[in-house]
Each structure stands twice: as structure tokens, then as C-alpha cells.
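As a plain string of letters, each chain reads:
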Amino acid sequence: MSNFKVSVKETSNDSIVKFELNQFITQHQSFEFNNIDEAKKSPLAQQLFYLPFVKKVYISGNFVAVERYSIVEWTDVQDEMAEQIEAYLNDGGVVVEETAVSKKVPVTVYAESTPNPAVIKFVANKKIVAALFEFTSIDEAKLSPLATELFHFPFVKSVFLDENYVSVTKYDIAEWGEITLELREFIRSYIEDGKEIVVPEAVETLKKSTEQVDTHFDTLDDTSKEIINILEEYVKPAVASDGGNIQFISYDEDTKNVSVLLQGACSGCPSSTYTLKSGIENMLKEMLPGKVAMVEAING
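As a convention, each chain's residues are numbered from 1 in the sequence order in which they are written. In keeping with the predicted nature of the model, local features appear solely for residues at pLDDT of at least 70, side-chain atom pairs appear and are counted solely at 80 or more, and the whole-chain, interface and lining totals rest on all residues. Only hydrogens and water are set aside; all other atoms, that is, all heavy atoms of the structure, feed into the side-chain values.

A helix here means a DSSP run of H or I that spans at least four residues, while a strand means a run of E at least two residues long, and both kinds are numbered starting from the N terminus. Tracing the chain through its elements places Ser15 in the loop between β1 (6-10) and β2 (16-21). What makes Ser15 buried here is its relative accessible area of 12%. Through-space distance from the C-alpha of Ser15 to that of Tyr69 is 7.4 Å; in sequence the pair is 54 residues apart. Ser15 has contacts with Val66, Glu67, Arg68 and Trp74, leaving out every residue within four places of it along the chain. When accessible area is computed with a 1.4 Å probe and restricted to protein chains, residues below 20% of their type maximum are described as buried, those above 50% as exposed, and intermediate ones as partly exposed. The contact criterion used throughout is that any non-hydrogen atoms of two residues lie within 4.5 Å.

And the structure:
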């Protein structure tokens, strides 16, 4: 299993901070504890309540949220608390006992069309993965029990997972009108039952951990770094809303050609080539004058 990494995230409430983890610590269950007595079924929460400024602990998915009393400011204690949570988990500490009763949050999933007629995006009301994953066959899907189950449907061609949604690409043997409700209910029930979406080691096995991504980024040339930053800021959010992703592959300094990988709803999408030529390619040419000649798209 990969090591736990904790990052501090501010919230809209200045008395609450989220300690976000690089993997899930509950199977889509949520727990709320108002004091140390309530936290008897959560050794992690009990440990946190020993700190005198901790008012409330909320554990869900891949984060621990803590509300503080006003005797301290978060800037004075949040880094130390992040280290404490990280050390506790890496030492094999128990988050919540199996008999703990979770705070029931109904799972809803809705189907959303994408620009790619072969792909539908199934959006959940909670975060389901900590990184994006794409699987184009049942053999590739060994790291994702959910994707493996989806491939048992004969019409499923590929599965793309990101944040709070699942994009499914179908074969032509079926029409969306015949299968959408079945897929939506299957995904909703799967999540609500607390089943594993991806195995804990998937992030590091597929080299998607923050540390691995940062290390690779540091090895790139300056132009490649600029291209990645432009894609991250201006392109990926819009593409994600359509159920897909664009990933930088390479930049050739001699030919000035950029290669990107299309994933999810973008892969094989009839409008992808047009989008790249008229949008991304022109954007890169304009923002990096003289450095980009052409963008090549490779379907995932």
C-alpha cells in the first residue's frame, strides 16, 4: 500500500480546515464526532480530540475536517496536525472501527451527455477518486474493482474515472436509451454500498501521486512546463466538464510539435480534432509565439 500524504486545504469557514489525503480512508462513508465520547468508534478522531483546541471532527472519503475552538489560529497548528495525521495513518492507525455507524448521506448519480455521442458521464454527489484513471479493457482495470465490474456489461468499451464522475464509452451494439438507466443505477448502488472504486496502491502504481507527477514535471524543459501550465489552467477544466481529459505527452523542440493524449469523452470524439485545431493549437501558438507549430492528438 502506498504511503499516506496529507495536504492542508482551507474552507469557506475559517474555523474549519480540511486535511486531504492522497487516498481514501473510508469507503464513501461519512462520520461526524462532536466530542471524545462520541468518537469511541474512531481511534483517529479520539487522538485528535486530545488536542485542546479541537471542537469537532468530520471524516469522509479522502479527508479529515477539523473545527477548532478560537483559542488558537489554524496557521499556528495546522502543519503540525497534518504531520500527526500522516504519521498516525502510516503507522497503521485505525480510522474508524467496522462497527461505527456512519452519517447516512444518500448517494445520487445523474447521467449527462457529452460532445462524444459514444460517451455518457455519470456524475455522483460525492468525490469517488483522488486522481483520474482511464481503462480501455478489463485487463487494464485490475486496479479498479468498479471499472472491472463495468466491463462485465458487454456494451462497455472503456471507463474513465475522475473526481466525482464516471465516463463510460459504449460499443455501437447498444443505444444509450436502452442502457443509461441500468448503468446509472448500477454505479449509484455500487458507490452507496461503500464498495472499493480503485485499490489504494493504484495512484502510485500508475505514477499519479503528487510526488511522482511533480518529479516528472521537474525533469521537463521550460517550454514543456509552460505548455502543461496552459493546459492545466485554460483547457482541462472545460474538457473535464465534458467528461474527458487532455494529458501532455511530449514537446519536440526541433519540430515545435506538441503531442497530447485524449482521454474519456475526448477520446475518439468527432469534435476533438476541430477543438484542438481551432482552440488548443491556436491558444498555444498565441501564448507561446514561435514555440509551437502543431498539436498532435492521440486517442487514449
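Turning next to unusual backbone geometry. With a phi angle near 40°, Glu163 is a residue other than glycine that sits in the positive phi range. Looking at the secondary structure, you find Glu163 in the loop between β9 (156-162) and β10 (165-170). Since its relative accessible area comes to 42%, Glu163 is described here as partly exposed.

Let us now look at the pattern of salt bridges. Salt bridge, as used here: a side-chain nitrogen of Lys or Arg that lies within 4 Å of a carboxyl oxygen of Asp or Glu. As enumerated under the stated definition, the model contains 11 salt bridges in all. Residue Glu163 is joined to Lys127 by a salt bridge in which the shortest nitrogen-to-oxygen separation is 3.9 Å. A residue pair is termed long-range when its members are at least 10 positions apart, and Glu163 in the loop between β9 and β10 and Lys127 in the loop between β7 (119-124) and β8 (133-135) qualify at 36 residues. Accessibility expressed as a relative area gives 25% for Lys127, which makes it partly exposed. Residue Arg188 is joined to Glu192 by a salt bridge in which the shortest nitrogen-to-oxygen separation is 3.0 Å. One end of the pair, Arg188, and the other, Glu192, are both in helix α4 (residues 176-192), 4 residues apart, so they sit about a helical turn from each other. Judged by relative accessible area, Arg188 falls into the buried class, the value being 19%. On the basis of relative accessibility, which here comes to 29%, the residue Glu192 falls in the partly exposed class.

Where strand β6 (residues 109-113) meets β7, 5 bridges bridge the pair, whose relative direction is antiparallel. Across the sheet, the residue bridging to Glu112 is Lys121, located in β7. When DSSP locates at least two bridges between a pair of strands, those strands are taken to pair. Joining the antiparallel neighbours β6 and β7 is a turn of 5 residues.

Two pairing modes exist for strands in a sheet, parallel and antiparallel, and in both the strands are linked by backbone hydrogen bonds. Reading across the sheet, the 5 strands line up as β6-β7-β10-β9-β8 and stay open at both edges, with antiparallel pairing between neighbours. What marks the edges here is a single partner per strand, and that holds for β6 and β8. Taking the axes of each pair of neighbouring strands and ignoring which way they run, one obtains an average angle of 20° across the sheet. In the sheet, β8 pairs with β9 via 3 bridges, with the strands oriented antiparallel. Note that in β9 the partner of Phe135 across the bridge is Val159. Every axis in this analysis is a line fitted to C-alpha atoms, fitted for helices over the stretch in contact. Angles between the N-to-C directions lie between 0 and 180 degrees. Packed on one face of the sheet, α4 meets β6, β7, β9 and β10 and runs near 30° to β7.

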